[in-house]
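Architecture and fold: a report
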Amino acid sequence: AQRVTQPEKLLSVFKGAPVELKCNYSYSGSPELFWYVQYSRQRLQLLLRHISRESIKGFTADLNKGETSFHLKKPFAQEEDSAMYYCALFSGSARQLTFGSGTQLTVLP
Amino acid sequence: NAGVMQNPRHLVRRRGQEARLRCSPMKGHSHVYWYRQLPEEGLKFMVYLQKENIIDESGMPKERFSAEFPKEGPSILRIQQVVRGDSAAYFCASSPQVGVAQPQHFGDGTRLSIL
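Rules and cut-offs
- Residues numbered from 1 in each chain as written.
- Chains lettered and ligands numbered in written order.
- Predicted model: local features only at pLDDT ≥ 70, side-chain atom pairs only at ≥ 80, totals over all residues.
- Heavy atoms only, no water.
- Helix = DSSP H or I, 4+ residues; strand = E, 2+ residues; numbered from the N terminus.
- Buried < 20%, exposed > 50% of the residue type's maximum accessible area, 1.4 Å probe, protein only.
- Contact = heavy atoms within 4.5 Å.
- Areas by Shrake-Rupley, 256 points an atom, 1.4 Å probe, with all protein chains shown as cover.
- Phe/Tyr/Trp six-rings, centres within 6.5 Å; stacked < 30°, edge-to-face > 60°.
- Pairing = 2+ DSSP bridges.

Secondary structure summary: chain A contains zero helices and eleven strands in total. Counting over 109 residues, chain A shows a buried share of 47%. Counting only contacts in chain A whose residues sit at least 6 apart along the sequence, the fraction spanning at least 24 positions is 58%. Here chain A displays about 5,400 Å² of accessible surface, and carbon together with sulfur accounts for 49% of that area.

Here you go:
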């Protein structure tokens with residue numbers, strides 16, 4: 001069965017500092033991974049997906065199959081990045097998203 | 001496009017009552033997913049539906065819970081004889097078709113509270 005682990009429930013960094021939100025997964029097939037973000041009082045929205053290899057709002061995430069990780073990184077955090085971040089794995093066979101428990105990021109001024 | 005619409009946003013029920021949660025997918029989307037989020041936990045998949053069909057209900061409790069997505073109208077998640085443990089946020093998502101190239105779009109959720 002697939003599993004997504006986000007070991008940090010809470011993460012605080014100062015504005016301008018680098019930030020890394022950790023995500024590890026367990027899946028026997030070829031994984032398709034996503035990061036979703038939920039800003040205060042807003043709905044969950046897609047931030048980025050690994051197949052696109054894109055950078056959104058300065059965030060990037062690289063799939064490391066050897067370490068089964070998909071960590072989210074940003075070199076210089078901004079206060080508006082404060083939000084709840086969820087890592088998710090799409091299971092093609094089950095056709096569902098498996099979410100991690102989320103990391104609440106707070107960027108301090 | 002108004003996005004995925006869920007109502008009500010908040011629902012309060014007493015133990016033993018029924019709860020009905022509604023989800024209207026984005027225009028043009030024919031696939032609907034329901035997730036449940038318990039306090040301090042991530043979203044957990046419950047059920048995946050297409051119009052008039054339940055495709056995967058492996059995450060849904062066998063008793064008291066049911067879901068439908070009729071030909072006309074919103075998708076409904078129905079919880080009969082609610083208990084305190086049903087208190088959670090229930091999120092609906094939709095996509096135009098299945099596949100990683102088609103990310104799921106989420107609604108604001110329904111927060112269900114059981115007294």
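There is more to say, and it comes next.
Next up on the list: the packing of aromatic side chains. Remark: the centre distance and the inter-plane angle together describe each pair of aromatic rings, the angle taken between the planes. Evaluated as defined, the whole model comprises ten aromatic pairs over all chains. Both rings, one in Phe59(A) and one in Tyr85(A), keep their centres 5.6 Å apart while their planes meet at 45 degrees; by these two values the pair is tilted. Of this pair, Phe59(A) sits in the loop between β6 (45-49) and β7 (60-61) while Tyr85(A) sits in strand β9 (residues 83-91), and the two are 26 residues apart along the sequence. An identical accessibility class is assigned to Phe59(A) and Tyr85(A); each is buried. Residues Tyr35(B) and Phe106(B) carry aromatic rings whose centres are separated by 5.6 Å and whose planes lie at 40 degrees to one another, so their mutual orientation is tilted.

Here we take up the sheet that holds β7(A). Strands belonging to one sheet form pairs held by backbone hydrogen bonds; the direction of such a pair is parallel or antiparallel. All names here are of chain A. Spatial ordering of the open sheet is given by β3-β8-β7, a layout of three strands whose pairing is antiparallel. Whereas interior strands pair on both sides, the edge strands pair on one side only; in this sheet they are β3 (19-21) and β7. Pairing analysis gives two bridges linking β7 to strand β8 (residues 72-74), with the strands arranged antiparallel. Looking at the pairing, Ala61 lines up with Leu72 of β8.

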